Amino acid sequence: MIAATPPRHWQPIVQALEAIVGRNAIISSREERSVYECDGLASYRELPGLVVLPQTTEEVVEIVKLCDRLNIPFVARGSGTGLSGGAMPTEDCLLIVTARMNRILEVDFENQRAVVQPGVINAWVTQAASAEGFYYAPDPSSQIICSIGGNIAENSGGVHCLKYGVTTNHVLGMKMVLPDGELIEVGSKIAETPGYDLTGLFVGSEGTLGIATEITLNIVKTPEVVEVLLADFTSMEAAGETVADIIAAGIIPAGMEIMDKLSINAVEDVVATNCYPRDAAAILLVELDGLGVEVKASSDRVQALCRKNGARNVIAAKDAEERLRFWKGRKAAFAAAGKLSPNYFVQDGVIPRTQLVSVLKEIQALSDKFDYRIANVFHAGDGNLHPLILYDESIPGAFEKVEELGGEILKLCVRAGGSISGEHGIGADKRCYMPEMFSAADLDTMQWVRAAFNPKELANPGKVFPTPRTCGEAAHAHHHGTMEGVDLF
């Protein structure tokens, strides 16, 4: 029998960290550390051994050097809005929270660049650029609270990812602190640089290769005209077919989203947009942008395709205020799901657009088989599904069944030619499903990359890649937390 690892003695580490960041930037009491025991996937929890909140690149360098010297595992965390357990602490780790690194360091309008710290909130970048007619395109539903650092870790998308791409398409360069504390710069303020694309490698690496401390972003010019259409359908199949038809017609909307009846009614109950018809089986939101003539021509064609597929109504927002109202409900859909059930478990899979109708039917069949309702809200244009499985965790065994159902949905996405993640990342939640999508050789190659940058596996250990433990065992270990932690004072 292997003896349990004794708890780490944190007092000398606290003293060393105080010399780097000061006492007020360290959180040590159990009660305060419990605030950080999970990210947005609250079903998995682990108490960090200690929490530190640096403010500068130099402080992060010294903190990580300390971890390397003392073999302390560490996890980077931004706003904690992730939905895959990627920022969940690991046992006896140091949690490095970048929330105080929240300065916009530079906005260069002439070259369409912004340099920010990782704790800057996504929406702040657009706010800083809007006065000069620019904005930051990646816009997750949580954009008013999620951080740029977290967006980089998970390669987040959002409503506008269909036309403008996800985070990796808008990050030009970064200052990175590697897991041994070495500071490097990857990319630059220009679009192309020679050598390996290390910027692309780091974006989406979920904190396993290091911590970004300064990020150079691309900002884009606000389009001349923006139009948002809302179409409602009597079947989800008709809405899905319309999406495929719009793309097949050569039209690339800025965003194209679908919500089902469960989601529509939850949003209207909570947000009261008063624009989503409650009796619709599905609504389709289509945003078109560009030059006025281009938008008018595309709008006419989209409306015709919606009606061809049986849309009851197709409404164009009459002004900016109504456009915001159309989108307000979609942005609030995850939060509104709390109205439907005591708990929900959100998944994040991707399928080819041509498979939307068949996959949604199979998801409904899984819902019937497992006897759990599923609300569907998704980025229809790029096939990024977000099924929300509704359940009550107070019922014994419910969470385990919901996890199994979520896993079946991910396997379904892979069988359809898709992916187990579109923008939420793998984290702790989906690591055991990586072999469904990748061969052993594929996974070994990824591990070589991680080992090159993170040979001691101190940076976000146990995330992304499968471990010998099964999904069920991993879930039981972290569901609602198993580590009580050590009170320091």
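Residues numbered from 1 in each chain as written. Predicted model: local features only at pLDDT ≥ 70, side-chain atom pairs only at ≥ 80, totals over all residues. Heavy atoms only, no water.

Of all 7 residues making up strand S8 (residues 171-177), 6 are buried, and the element is well covered by its neighbours. Here S8 runs beside strand S10 (residues 211-218); their pairing, made up of 6 bridges, is antiparallel. Residue pairing across strands places Met176 opposite Ala212, the latter belonging to S10. The pairing of S8 with strand S9 (residues 183-187) spans 5 bridges and is classified as antiparallel. Across the sheet, the residue bridging to Met174 is Val186, located in S9. Linking S8 back to S9 in an antiparallel pair, the connection comprises 5 residues, with Gly181 at a positive phi of about 95°. (Buried < 20%, exposed > 50% of the residue type's maximum accessible area, 1.4 Å probe, protein only. Helix = DSSP H or I, 4+ residues; strand = E, 2+ residues; numbered from the N terminus. Pairing = 2+ DSSP bridges.)

What follows is about the packing of aromatic side chains. Across all of its chains, the model carries 6 aromatic pairs by this definition. Between the aromatic rings of Tyr44 and Phe399, the centroid separation amounts to 6.0 Å while the plane-to-plane angle is 90°, which identifies the pairing as edge-to-face. Taken together, the positions of Tyr44 in the loop between helix H2 (30-33) and strand S2 (50-52) and Phe399 in helix H14 (residues 398-415) put the pair 355 residues apart, joining distant regions of the chain. Residue classification places Tyr44 among the buried residues on the basis of a relative accessible area of 4%. The exposure class of Phe399 is buried, given its relative accessible area of 2%. Ring geometry for Tyr135 against Tyr164: centres 6.4 Å apart, planes inclined by 80°, an arrangement best described as edge-to-face. Linking Tyr135 in strand S7 (residues 134-135) with Tyr164 in helix H6 (residues 161-164), this pair joins segments that are 29 residues apart in sequence. (Phe/Tyr/Trp six-rings, centres within 6.5 Å; stacked < 30°, edge-to-face > 60°.)

What follows deals with the pattern of salt bridges. Applying the stated criterion across every chain yields a total of 19 salt bridges. Salt-bridge contacts for Glu106 lead to Lys189; the nearest nitrogen and oxygen are separated by 2.6 Å. In this pair, Glu106 is assigned in strand S5 (residues 104-108) and Lys189 in the loop between S9 and helix H7 (198-202), connecting sequence segments 83 residues apart. Here Arg325 makes a salt bridge to Glu322, at a shortest N to O gap of 3.5 Å. Separated by 3 residues within a single helix, Arg325 and Glu322 lie in helix H11 (residues 320-331), roughly one turn from each other. We classify Arg325 as partly exposed; its relative accessible area is 27%. A relative accessible area of 10% means that Glu322 is categorised as buried. A cluster of three or more residues bridged by salt bridges with shared partners is formed by Asp232, Asp279 and Arg312. (Salt bridge = Lys/Arg side-chain N within 4 Å of Asp/Glu carboxyl O.)

What follows deals with the environment of Leu360. When you line up the elements, Leu360 lands in helix H13 (residues 356-370). As for Leu360 and Tyr372, which are separated by 12 residues in sequence, their C-alpha atoms are 15 Å apart. Setting aside anything within four residues of it in sequence, one finds Leu360 in contact with Met236, Asn376 and Phe378. (Contact = heavy atoms within 4.5 Å.)

With respect to the element layout, Gln303 can be found in helix H10 (residues 292-308). For Gln303, a relative accessible area of 16% gives the class buried.

Attention shifts here to the environment of Leu366. Note that Leu366 resides in helix H13. In sequence terms Leu366 and Ile409 are 43 residues apart; their C-alpha atoms lie 7.9 Å from each other. If sequence neighbours within four positions are ignored, Leu366 has contacts with Leu405, Glu408, Ile409 and Leu412.

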